[in-house]
Amino acid sequence: MKTVKKETIIEFEEKKSKFIGYIKPVSTVAEAEKFIDSIKKMHPNATHNVPLYRVMENGQEYFKYNDDGEPSNTAGKPMAEILNILDVYNVAIVATRYFGGIKLGAGGLIRNYAKTAKLAVTEAEITEYVEKSIFILDYDYEYTSEMEVFLNGNSQNFGIEILEKNYSNRVTMKISANDEIEKELNSLQKIIVIKV
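Residues numbered from 1 in each chain as written. Predicted model: local features only at pLDDT ≥ 70, side-chain atom pairs only at ≥ 80, totals over all residues. Heavy atoms only, no water.

- Under an unreviewed UniProt entry, the protein chain has the name YigZ family protein and belongs to Leptotrichia mesophila.
- As its UniProt record puts it under Sequence similarities (unreviewed entry), the protein chain is described as follows: "Belongs to the IMPACT family." (UniProt positions renumbered as here; feature names shortened; annotations may be inferred.)

In structure tokens, the structure reads:
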């Protein structure tokens, strides 16, 4: 399964209409909807904020889009077609359009919304999707530098993302990483590892 590597933004102008494409790799419908809402809040005065997500969650595909007020099938559908053609999943996209006073016509809208999705996906770089898990790591302060060396040294291999750090009696860290890291984590001495 393919997805995109990173969150990114693209922008271009067509006959004075400004198109901004926002894209983000996501792993749940809730994450996709949260991202879409955040973009809509960023552009409350945009003429259109066309949302789209395609997520595989618990073995089920969720593929949702709409035209956000553009003529039927001229915005969301051409963007969805790009995801089909490129075979990309676990992604959320919003195409924000500010109307520039010159009508683009149905063909122009289809072309430009498809272009927005294509540029966004290309810019975010297609990559192989890797299932990630959440791990909670708990250890004494004396192992802090050891843990930092481990995490920094393995961040590329296992796609480690630090989600939370808490310092109280001990250090507790919440990370997201590829499942293969579990064996490595369990081999570390004096660290409590909990897979969520």
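Once the structure has been displayed, the description carries forward.
## Topic: the packing of helix α2 (residues 76-86) against helix α3 (residues 105-124)
Here comes step 1: Where α2 meets α3, the closest approach of the two axes is 7 Å, and the angle between their N-to-C directions is 45°. The angle between α2 and α3 places the two elements in the oblique class. Two packed elements cross with a definite hand, and for α2 against α3 that hand is right-handed. Of the residues in α3, those in contact with P78, M79, I82, L83 and L86 of α2 are I110, Y113, A114, A117, K118 and V121.
Here comes step 2: Partitioned by chemical class, the residues of the contact of α2 with α3 number ten nonpolar, no polar and one charged. (Axes fitted to C-alpha atoms, helices over the stretch in contact; angles between N-to-C directions. Helix = DSSP H or I, 4+ residues; strand = E, 2+ residues; numbered from the N terminus. Parallel < 35°, antiparallel > 145°, perpendicular 65-115°, else oblique. Left-handed = near helix turned anticlockwise from the far one by under 90°. Contact = heavy atoms within 4.5 Å. Nonpolar A, V, L, I, M, F, W, Y, C, P; charged D, E, K, R; others polar.)

## Section: the environment of Y22
Here comes step 1: By secondary structure assignment, the location of Y22 is in strand β3 (residues 17-25).
Here comes step 2: For the pair formed by Y22 and F63, sequence separation is 41 residues and the distance between their alpha carbons is 17 Å.
Here comes step 3: Ignoring sequence-local partners within four residues, the contact set of Y22 consists of T8, I9, F35, I39, M42, H43, A92, I93, V94 and T96.
Here comes step 4: A distance of 2.5 Å separates a polar atom in the side chain of Y22 from a polar atom in the side chain of H43. (Polar contact = N/O pair within 3.5 Å; in protein donor to acceptor, adjacent residues only side chain to side chain.)

## Section: unusual backbone geometry
Here comes step 1: For K15, which is not glycine, the phi dihedral falls at a positive 45°.
Here comes step 2: Positionally, K15 belongs in the loop between β2 (8-14) and β3.

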